[in-house]
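Given next are the chains, with one letter for each unit.
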Amino acid sequence: MRLLVIEDNIELANSMKKGLENMNFKVDVSNTGEDGEEKASINEYDVILLDLNLPDIDGIEVLKCLRERSVNIPIIIITARDDVSDLAIGLDNGADDYITKPFQLLEVRARIHAVIRRFHGRTNPIINIGKLKLNPINRTVYIDDKEVVLAIKEFDILEYICYKHPAVVSSEEIVEHVYDENFDPFSSVLRVHISRLKNKLRNAQGQDILINIRGKGYFLCVE
């Protein structure tokens, strides 16, 4: 999953980026509200982590602006403010959750997974699609109770396609959600990762279950 951290404390922002990337998230960082608004408007993120105390624009105003622009992805407020009225204003203006500083990254990870599940209309942390079972927390995949061992990016791609199931997911969508802003759109990396993923799923199931519709994208066909 791809995240945007909007946090003016550069040391904290970099620490969050490093820690969340170690948890296999892809993380972009903005240190101002203006830059954060711009990135959130042109890129597709799965969750935005938004600090309220920004140097140029108050975080609540950033939140309002994003919702007015129909940026409807989950937004988690991260703040040192513990005033209930401030947090209520944030939730009333479209925030999906909040966490107060100081915090542990394990709590942040849990809240990220929770808002992603709600956003996709899921309550069970385990994704079950036919015989396929994907656990986003411990990053395991099973088909018919047989583990399918995937590389990091292979898992990321499958996770996103599972969240979007039964929709057809385009290559462009996968790039937006699985890679960060430094990804080269002309690279063949995505095709290589998908090819390896398809082969591993085929070997586990005995038939193709990750299907490609030419010119449209990919979807899962699992009994």
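Only a predicted model underlies this, so the values are computations on that prediction, with no experimental measurement involved.

Asker: Please clarify how the pairing of strand β10 (residues 210–213) should be interpreted in this entry.
Answerer: The side chains of a regular strand alternate, residue by residue, between the two faces of the sheet. With four bridges joining them, β10 and strand β11 (residues 217–220) adopt antiparallel strand pairing. Paired with Ile 213 across the bridge in β11 is Gly 217. Following β10, the chain reverses through three residues before pairing antiparallel with β11; Gly 215 in that reversal takes a positive phi of roughly 85°.

Asker: I would appreciate a short explanation of the layout of surface pockets in the present structure.
Answerer: Where empty space is left can be seen by rolling a probe of water-molecule size over the atoms. The volume enclosed by the largest pocket comes to roughly 340 Å³. For the largest pocket, the lining is made up of 15 residues, of which Ser 171, Glu 172, Val 175, Phe 183 and Pro 185 are closest to its centre. Per element, the largest residue contribution to the lining of the largest pocket is four residues, and it comes from helix α7 (residues 171–178). Classifying every residue of the lining of the largest pocket gives six nonpolar, three polar and six charged.

Asker: Got a minute to help me understand the environment of Asn 199 in this structure?
Answerer: When you line up the elements, Asn 199 lands in helix α8 (residues 189–205). Taking relative accessible area as the criterion, Asn 199 reaches 32% and is therefore assigned partly exposed. Residues Asn 199 and Tyr 160, spaced 39 residues apart in sequence, show a C-alpha to C-alpha distance of 18 Å.

Asker: Honestly, helix α6 (residues 152–164) in this entry has me stumped. Any pointers?
Answerer: Every α-helix winds through 3.6 residues per turn, so residues three or four apart in the chain are directed the same way. Its 13 residues place the ends of α6 19 Å apart at the C-alpha level, agreeing with the 18 Å of an ideal helix rising 1.5 Å per residue. Within α6, 10 of the 13 residues are buried, which leaves the element mostly enclosed by the surrounding structure.

Asker: I would appreciate a short explanation of the environment of Pro 185 in the present structure.
Answerer: Examined against the element boundaries, Pro 185 turns out to sit in the loop between α7 and α8. Here Pro 185 falls in the exposed class, since its relative accessible area comes to 65%.

Asker: How do you make sense of the sheet that holds strand β9 (residues 146–147) when you look at a structure like this?
Answerer: In a beta sheet, neighbouring strands are held together by backbone hydrogen bonds and run either parallel or antiparallel to one another. What the four strands build is an open sheet, ordered β6-β7-β8-β9; its pairing is antiparallel. One side of each edge strand has no neighbouring strand; the edge strands of this open sheet are β6 (127–129) and β9. Note: strand β8 (residues 140–143) against β9, two bridges, orientation antiparallel. Across the sheet, residue Tyr 142 finds its bridge partner in β9, namely Glu 147. The sheet contacts of α6 involve β6, β7 (132–135) and β8, and relative to β7 the element is tilted by about 110°.

Asker: Whenever I open this one, helix α3 (residues 59–68) confuses me. Can you help?
Answerer: Among all positions in α3, only Gly 59, Ile 60, Val 62, Leu 63, Cys 65 and Leu 66 are buried. Where α3 is buried, its residues contact β1 (2–6), α2 (33–42), β3 (47–51), β4 (75–79) and α4 (84–92). Put simply, Asp 58 is the residue that caps the front of α3, since its side-chain oxygen is 2.9 Å from the backbone nitrogen of Ile 60. Two residues or fewer past α3, Ser 70 is found with a positive phi of approximately 65°.

Asker: Mind showing me how you'd approach the environment of Asn 43 here?
Answerer: Along the chain, the position of Asn 43 falls in the loop between α2 and β3. Under the relative-accessibility criterion, Asn 43 is labelled buried at 18%. Sequence separation between Asn 43 and Asn 14 is 29 residues, and the spatial gap between their C-alpha atoms is 20 Å. Excluding residues that lie within four positions of it along the chain, Asn 43 makes contacts with Arg 2 and Glu 176. At 3.1 Å, the side chain of Asn 43 forms a polar contact with the side chain of Tyr 45.

Asker: I keep staring at the domain arrangement of the chain and nothing clicks. Help me out?
Answerer: When the parts of a complex come together, some accessible area is lost, and that lost area is often taken as the interface size. For the chain, the assigned domains are domain 1 (2–120) and domain 2 (127–220). Just the C-alpha atoms count here: the centres of domain 1 and domain 2 sit 26 Å apart. With 15 residues of domain 1 in contact, the opposing surface of domain 2 contributes 16 residues. Taken together, both faces of the contact between domain 1 and domain 2 bury some 1,400 Å²; the carbon and sulfur share is 45%. Connecting domain 1 to domain 2 are two salt bridges. When the shortest N-O distance is used, the salt bridge between Arg 2 and Glu 176 registers 3.2 Å.

About the criteria used
- Residues numbered from 1 in each chain as written.
- Predicted model: local features only at pLDDT ≥ 70, side-chain atom pairs only at ≥ 80, totals over all residues.
- Heavy atoms only, no water.
- Pairing = 2+ DSSP bridges.
- Helix = DSSP H or I, 4+ residues; strand = E, 2+ residues; numbered from the N terminus.
- 1 Å grid on protein atoms, 1.4 Å probe; cavity = no way out; pocket = protein on both sides within 12 Å on 5 of 7 lines; lining within 4 Å.
- Points joined across faces, edges and corners; volume = space filled by probe spheres on them.
- Nonpolar A, V, L, I, M, F, W, Y, C, P; charged D, E, K, R; others polar.
- Buried < 20%, exposed > 50% of the residue type's maximum accessible area, 1.4 Å probe, protein only.
- Expected span 1.5 Å × (residues − 1).
- Contact = heavy atoms within 4.5 Å.
- Axes fitted to C-alpha atoms, helices over the stretch in contact; angles between N-to-C directions.
- Polar contact = N/O pair within 3.5 Å; in protein donor to acceptor, adjacent residues only side chain to side chain.
- Domains from an automatic or database assignment.
- Buried area = accessible area lost by both parts, 1.4 Å probe.
- Salt bridge = Lys/Arg side-chain N within 4 Å of Asp/Glu carboxyl O.

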